[in-house]
Amino acid sequence: SARNSGLFFVSATVESLHMMTILKRRMETEGVWDQTAYNEQMWYLALPGQRAHGISARVLNYYCHMNSKTLFRYMLDDEALMERHRPVSIHVNYHPEKLQRMQDVYASYHGLGPDLGGGAG
């Protein structure tokens, strides 16, 4: 399953340093998209002559660290959740009108507006 690398936490371990070193080399030499390289390194088994990276992956709580699809398409319809929950981060990556969505999120969570705009999910 592919992961969006817009937000991730990497612990400072020997294994993560090994993986990040490989990713750096790939980004410099292959012209590969960062998310493609990340997912390939994360999920592919070791190739002949290479050692496996040895890291483990965990998914963050998607209501605490969400993308804009989760917020605008699902969370907005749940009034109780909207009243009691405030996300830690929102990655505005799903909608083509990114600037407007970012402004809506900022206005809503910083008291500058009553809602999150009138755009459809």
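Located above this text is the structure these notes cover.
Residues numbered from 1 in each chain as written. Predicted model: local features only at pLDDT ≥ 70, side-chain atom pairs only at ≥ 80, totals over all residues. Heavy atoms only, no water.

## Details of the overall build of the protein chain
And then number 1: Each helix and strand counted, the protein chain has five helices and two strands in total.
And then number 2: When its helices and strands are written in sequence order, the protein chain yields α-α-β-α-α-β-α.
And then number 3: Residue pairs at least 24 apart in sequence account for 47% of intrachain contacts in the protein chain once pairs closer than 6 positions are excluded.
And then number 4: Carbon and sulfur atoms make up 56% of the accessible area of the protein chain, which amounts to about 8,600 Å² in all. (Helix = DSSP H or I, 4+ residues; strand = E, 2+ residues; numbered from the N terminus. Contact = heavy atoms within 4.5 Å. Areas by Shrake-Rupley, 256 points an atom, 1.4 Å probe, with all protein chains shown as cover.)

## Some remarks on the packing of aromatic side chains
What characterises a pair of aromatic rings is the spacing of the ring centres plus the angle enclosed by the ring planes.
And then number 1: Under the counting rule described, the total for this entry stands at one aromatic pair.
And then number 2: For the ring pair Tyr62 and Tyr63, a centre distance of 5.0 Å and an interplane angle of 40° mean the geometry is tilted.
And then number 3: Among the residues examined, Tyr63 registers a relative accessible area of 28% and is labelled partly exposed.
And then number 4: Positioned above the aromatic ring of Phe72, the side-chain terminus of Arg101 is 4.1 Å from the ring centre. (Phe/Tyr/Trp six-rings, centres within 6.5 Å; stacked < 30°, edge-to-face > 60°. Buried < 20%, exposed > 50% of the residue type's maximum accessible area, 1.4 Å probe, protein only. Lys NZ or Arg CZ within 6 Å of the ring centre and 35° of its normal.)

## What to know about helix H2 (residues 34–43)
Since there are 3.6 residues in each turn of an α-helix, residues three or four apart along the chain are aligned in direction.
And then number 1: When we look at burial in H2, the residues that qualify are Gln35, Ala37, Tyr38, Asn39, Gln41 and Met42.
And then number 2: At its buried positions, H2 is contacted by helix H1 (14–29).

## Some thoughts on the layout of surface pockets
And then number 1: Estimates place the volume of the second largest pocket at around 230 Å³.
And then number 2: The wall of the second largest pocket is formed by 15 residues, among which Glu40, Gln41, Leu45, Leu47 and Gln50 lie closest to the centre.
And then number 3: Elements represented by at least two residues in the lining of the second largest pocket include exactly H1 and H2.
And then number 4: Ranked by residue count, the leading element in the lining of the second largest pocket is H1, at four residues. (1 Å grid on protein atoms, 1.4 Å probe; cavity = no way out; pocket = protein on both sides within 12 Å on 5 of 7 lines; lining within 4 Å. Points joined across faces, edges and corners; volume = space filled by probe spheres on them.)

## Here we look at the packing of H1 against H2
A pair of packed helices can be characterised by two numbers: the angle between their axes and the separation between those axes.
And then number 1: The geometry of H1 relative to H2 is characterised by a closest axis approach of 10 Å and an angle of 140° between their N-to-C directions. It follows from the interaxial angle that H1 and H2 lie oblique. Considering the relative orientation of H1 and H2, their crossing is right-handed. Seen from H1, the contacting residues are Met19, Ile22, Leu23, Arg26 and Met27; seen from H2, they are Asp34, Ala37, Tyr38, Glu40, Gln41 and Met42.
And then number 2: By residue class, the composition of the contact of H1 with H2 is seven nonpolar, one polar and three charged. (Axes fitted to C-alpha atoms, helices over the stretch in contact; angles between N-to-C directions. Parallel < 35°, antiparallel > 145°, perpendicular 65-115°, else oblique. Left-handed = near helix turned anticlockwise from the far one by under 90°. Nonpolar A, V, L, I, M, F, W, Y, C, P; charged D, E, K, R; others polar.)

## Comments concerning the side chain of Asn39
And then number 1: Tracing the sequence through the fold places Asn39 in helix H2.
And then number 2: With a relative accessible area of 12%, Asn39 lands in the buried category.
And then number 3: A polar contact of 2.9 Å, which involves the side chain of Asn39, links it to the backbone oxygen of Gln35. (Polar contact = N/O pair within 3.5 Å; in protein donor to acceptor, adjacent residues only side chain to side chain.)

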